[in-house]
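Secondary and tertiary structure notes
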Amino acid sequence: MPAGGVRAFGPGLAILASMVSVNAGAAWAKGLFPVVGSAGVTALRVGLAALMLLAAVRPWRTLPNRQDAGNLAIYGVMLGLMNLLIYGAFSRIPIGIAVAIEVTGPLAVVIMSSRRARDFAWVACAALGLALLLPLEEGSKGLDPLGVAYALGAAFCWAMYIVFGKRVSSLKGTEAVAWGMLAASLFAVPVGVAQAGALLFTPAMLAGGFLVALLSSAIPYTLEMMALARLPRRVFGILVSAGPALAALAGFVMLGERLTGLQWGAIFLVIFASAGAAATAGRGSE
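Residues numbered from 1 in each chain as written. Predicted model: local features only at pLDDT ≥ 70, side-chain atom pairs only at ≥ 80, totals over all residues. Heavy atoms only, no water.

Describing the packing of aromatic side chains
What counts, and what does not: Pairing of aromatic side chains requires ring centres within 6.5 Å, counting the rings of Phe and Tyr and the six-membered ring of Trp. Pairs whose planes differ by under 30 degrees are stacked, by over 60 edge-to-face, and all others tilted. Labels follow the DSSP assignment, with helices taken as runs of H or I lasting at least four residues and strands as runs of E lasting at least two, numbered in each case from the N terminus.
Under the criterion given, the structure shown has 5 aromatic pairs. Here Tyr 75 and Tyr 161 contribute two aromatic rings whose centre-to-centre distance is 4.8 Å and whose plane-to-plane angle is 15 degrees, an arrangement assigned as stacked. Taken as a pair, Tyr 75 in helix H2 (residues 66-90) and Tyr 161 in helix H6 (residues 145-166) lie far apart in primary sequence, 86 residues in all. When the centroid spacing of 5.5 Å and the interplanar angle of 75 degrees are considered together, the rings of Trp 122 and Phe 272 count as edge-to-face. Within this pair, whereas Trp 122 is found in helix H5 (residues 117-133), its partner Phe 272 is found in helix H11 (residues 261-280), the two being separated by 150 residues in sequence. Put simply, the rings of Phe 33, Tyr 87 and Phe 90 touch in pairs and so form one group of aromatic residues.

Here you go:
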């Protein structure tokens, strides 16, 4: 194996472990929805993850300037709303389909920063995947329209999360994530408490929420930060584009969610578009 491949092997495994952790956490979270609702589980995930990150990073040692504080506030609100919407989508449609719709948000960010013809080919590929997914019938019923709308909303929030996260210039990545998660918790926790009430604070739910926060936030964010320091952004983008497939696999293994062959094909079209856009991002005309 070439030296570059050896150097990328460890970070690549870290990214894979991060995605497995995120999707296992999502499947575990969906199992808690019948008790406290999707907003209640979101509140547990975001609130407990904020406490973990604040304790580990202690971001108050470097305070953001006024401009960065505004960007951090929007970044955090987008993060909180993204979590509320994607968990709302999980409650209504299969996890793999919801994530395939959601990843079109980052894909749009990549495409909108380019005017090359080949990038519009990735848009066409993703659009075909979505066209196959959205009107598809799942058994005797179509996909829940509200679940699809939630996933599309989460895609938009993910795109805005990336845009405003990049605008924070005075902080390290870990500090920005910690401040952003705090802002997200101030937005999402009241919504979850309004839905679930006192049930949210029972020992069993706090333990379940801690596991969701650990699997879906603390572990993957840490692994991604480690990998990003050693992986080119293009390689990172290619690796994370496999997220919808891993989400669908987690939904099948942990929740028994079965997808049709056409749905799997549509998911892989979205993955192919995301991987292709990441692979060609930043390259000049050849």
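Once the structure has been displayed, the description carries forward.
Comments concerning the packing of helix H3 (residues 95-102) against H11
Operational definition: Convention adopted: a line fitted to C-alpha atoms gives each axis, helices being fitted over their contacting stretch, and angles between N-to-C directions are expressed from 0 to 180 degrees. Our angle categories are set so that under 35 degrees counts as roughly parallel, over 145 as roughly antiparallel, 65 to 115 as roughly perpendicular, and the remainder as oblique. With the far helix as reference, a near helix turned anticlockwise by less than a right angle produces a left-handed crossing, and one turned clockwise produces a right-handed crossing. Contacts: residue pairs with any heavy atoms within 4.5 Å of one another. Residue polarity follows a fixed list, in which Ala, Val, Leu, Ile, Met, Phe, Trp, Tyr, Cys and Pro are nonpolar, Asp, Glu, Lys and Arg are charged, and the others, Gly among them, are polar.
Running from N to C, H3 and H11 point in directions that differ by 30 degrees, and their axes come no closer than 10 Å. In terms of their interaxial angle, H3 and H11 are classed as roughly parallel. Relative to H11, H3 is oriented so that their crossing is left-handed. Residue-level inspection shows Gly 96, Ile 97 and Ala 100 of H3 in contact with H11, the latter providing Gln 263, Ile 267 and Val 270. For the contact of H3 with H11, the per-class residue count stands at 4 nonpolar, 2 polar and no charged.

Regarding the pattern of salt bridges
If the charged atoms of two oppositely charged side chains come close together, the side chains can form a pair. Basically, it comes down to this: Each salt bridge in this description consists of a side-chain nitrogen of Lys or Arg and a carboxyl oxygen of Asp or Glu lying within 4 Å of one another. Throughout, exposure labels follow a simple rule: accessible area from a 1.4 Å probe, protein chains only, divided by the maximum for the residue type, with under 20% read as buried, over 50% as exposed, and the rest as partly exposed.
One pass over the full model with this rule turns up 2 salt bridges. Measuring nitrogen to oxygen at the nearest pair gives 2.4 Å for the salt bridge that ties Lys 30 to Glu 257. Taken together, the residues span a long stretch of sequence, with Lys 30 in helix H1 (residues 3-57) and Glu 257 in the loop between helix H10 (243-255) and H11 at a distance of 227 residues. Of the two residues, Lys 30 and Glu 257, neither departs from the other in class, the shared state being buried. Across the salt bridge formed by Arg 92 and Asp 144, the nearest N and O atoms sit 3.2 Å from each other. Remark: Asp 144 occurs in the loop between strand E2 (141-142) and H6 and Arg 92 occurs in the loop between H2 and H3; sequence separation between them is 52 residues. Overall, the relative accessible area of 39% leaves Arg 92 in the partly exposed class.

Points about the packing of helix H4 (residues 104-112) against H6
The geometry of H4 relative to H6 is characterised by a closest axis approach of 7 Å and an angle of 50 degrees between their N-to-C directions. Classified by the angle between their axes, H4 and H6 sit oblique to one another. At the point where H4 passes H6, the crossing takes the right-handed sense. Counted together, Thr 104, Gly 105, Pro 106 and Val 109 of H4 and Ala 155, Trp 158, Ala 159, Ile 162 and Val 163 of H6 form the full contact between these two elements.

Overview of the nonpolar core
So the rule is basically this: Only buried residues count toward a nonpolar core, which is a set of Ala, Val, Leu, Ile, Met, Phe, Trp, Tyr and Cys residues joined through side-chain atoms within 4.5 Å.
One finds Tyr 87, Phe 90, Ile 97, Ile 101, Leu 133, Met 181 and Ile 267 to be the most contacted residues of the largest nonpolar core, which totals 66 residues. With 16 residues, H1 is the single largest residue contributor to this core. What Tyr 87 contacts, discounting residues up to four positions off in sequence, is Ala 29, Phe 33, Ser 38, Val 41, Thr 42, Arg 45, Val 212 and Ser 216.

Focus: the environment of Val 36
For Val 36, the position within the fold is in helix H1. Sequence separation between Val 36 and Gln 195 is 159 residues, and the spatial gap between their C-alpha atoms is 7.3 Å.

Thoughts on the environment of Gln 67
Looking at the secondary structure, you find Gln 67 in helix H2. Sequence separation between Gln 67 and Arg 167 is 100 residues; the distance between their C-alpha atoms is 9.1 Å.

Quick notes on a nonpolar patch on the surface
Our working rule: Here the term patch refers to residues with relative accessible area over 30% and no salt bridge, with like charges joined within 9 Å and nonpolar side chains (Val, Leu, Ile, Met, Phe, Trp, Tyr) within 5 Å. With residues, only the protein chains shown are counted as cover, and all accessible areas are computed by Shrake-Rupley using a 1.4 Å probe.
A surface patch of nonpolar side chains, about 610 Å² in accessible area, is lined by Trp 28, Leu 211, Leu 249, Phe 252, Val 253, Met 254 and Leu 255. With 5 residues, H10 is the single largest residue contributor to the nonpolar patch. Take Phe 252: it is sitting in helix H10.

As for the side chain of Asn 83
Spelled out, the test is: As used in this structure description, the phrase polar contact means that two N or O atoms lie within 3.5 Å; if the pair is within protein, one of them must be able to donate a hydrogen and the other to accept it, and residues adjacent in sequence are counted only when both atoms belong to side chains.
As for its position among the elements, Asn 83 is in helix H2. A distance of 2.7 Å separates the side chain of Asn 83 from the backbone oxygen of Leu 79, its partner in a polar contact.

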